[in-house]
Amino acid sequence: MGIPVYVGKKFEASHEGAYEVEFACRNCGYECDVAVRAKGHGSGHSPFFGDDGGALDEAVAKAQWASARNARATARLLACPRCGQRSKAAILGFVFFSLLKLALVSAPCVLFGAYFLSGRYYRGFGWLMVAVGAICAISIYFTSIHPRYFRAGQRSRFIRAEPR
Ligand SMILES: [Zn+2]
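Residues numbered from 1 in each chain as written. Predicted model: local features only at pLDDT ≥ 70, side-chain atom pairs only at ≥ 80, totals over all residues.

### So, helix α2 (residues 88-118)
Largest kink in α2: about 40°, centred on Ser 106, with the proline Pro 108 one to four residues after it. Buried within α2 are the following residues: Ser 106, Val 110 and Gly 113. (Bend = angle between axes of the 7 residues up to and from the residue. Helix = DSSP H or I, 4+ residues; strand = E, 2+ residues; numbered from the N terminus. Buried ≥ 20, exposed ≤ 12 C-beta atoms within 10 Å, placed from the backbone.)

### Let's talk about helix α3 (residues 123-150)
End to end, α3 covers 38 Å across 28 residues, agreeing with the expected 40 Å (1.5 Å per residue, within 8%). At Tyr 141, α3 shows its largest kink, close to 40°. (Expected span 1.5 Å × (residues − 1).)

### As for the packing of α2 against α3
Axis separation between α2 and α3 bottoms out at 6 Å; the angle between their running directions is 170°. Compared by their axis directions, α2 and α3 come out roughly antiparallel. Here the contact of α2 with α3 is built from residues that sort into 19 nonpolar, five polar and two charged. (Axes fitted to C-alpha atoms, helices over the stretch in contact; angles between N-to-C directions. Parallel < 35°, antiparallel > 145°, perpendicular 65-115°, else oblique. Nonpolar A, V, L, I, M, F, W, Y, C, P; charged D, E, K, R; others polar.)

### Some remarks on the nonpolar core
Buried together is how nonpolar side chains tend to be arranged in soluble globular proteins. Counting eight residues, the largest nonpolar core is built from Phe 23, Val 34, Val 36, Ala 38, Ala 71, Ala 75, Leu 78 and Ala 152. Where this core is concerned, the elements lending two or more residues are β3 (31-45) and α1 (52-76). Tallying contributions element by element places β3 first for this core, with three residues. Apart from the residues within four sequence positions on either side, Ala 75 is in contact with Val 21, Phe 23, Val 34, Val 36 and Ser 156. (Core = buried A, V, L, I, M, F, W, Y, C linked by C-beta atoms within 7 Å. Contact = placed C-beta atoms within 7 Å.)

### Some thoughts on the environment of Phe 23
Within the element layout of this structure, Phe 23 appears in strand β2 (residues 10-24). It is 30 Å that separates the C-alpha atoms of Phe 23 and Ser 139, two residues lying 116 residues apart in sequence. Sequence-distant contacts of Phe 23, defined by excluding residues within four places in its chain, comprise Glu 31, Cys 32, Asp 33, Val 34, Ala 75 and Leu 78.

In structure tokens, the structure reads:
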């Protein structure tokens, strides 16, 4: 199901789907399938007036690809139904990319703000930039980090979860 929205010459689409993903526990070796609900967003640009359809297709295809990728990423973060462990490698990867995302978005604002705070003038502007950096960090946490990590289980259902 795609919901295309026309925004000027840029097309945006979102896609939500249910995916069946293989789950394999690195701790106890348990394997099963898991049904995961995931969302993805995509955009397409039409550089010429004639290619709006192509750009729309591109946006929808990207959104579908992103939601399938999110489903796989969600499955990797799930706790094993048999031993209850989450994959340490998946958690490390998730923490790494979460910190990277926070650093790329928030650090420039905070550093920029700190530069003005260290000077004599424009201190108000410095605080403003620090606040913008903090708000970015909080919004990334609540839109992307928290739902992925803590709500992974709510969006997922193990299939054949009983021990084989
Ligand atoms: Zn396990």
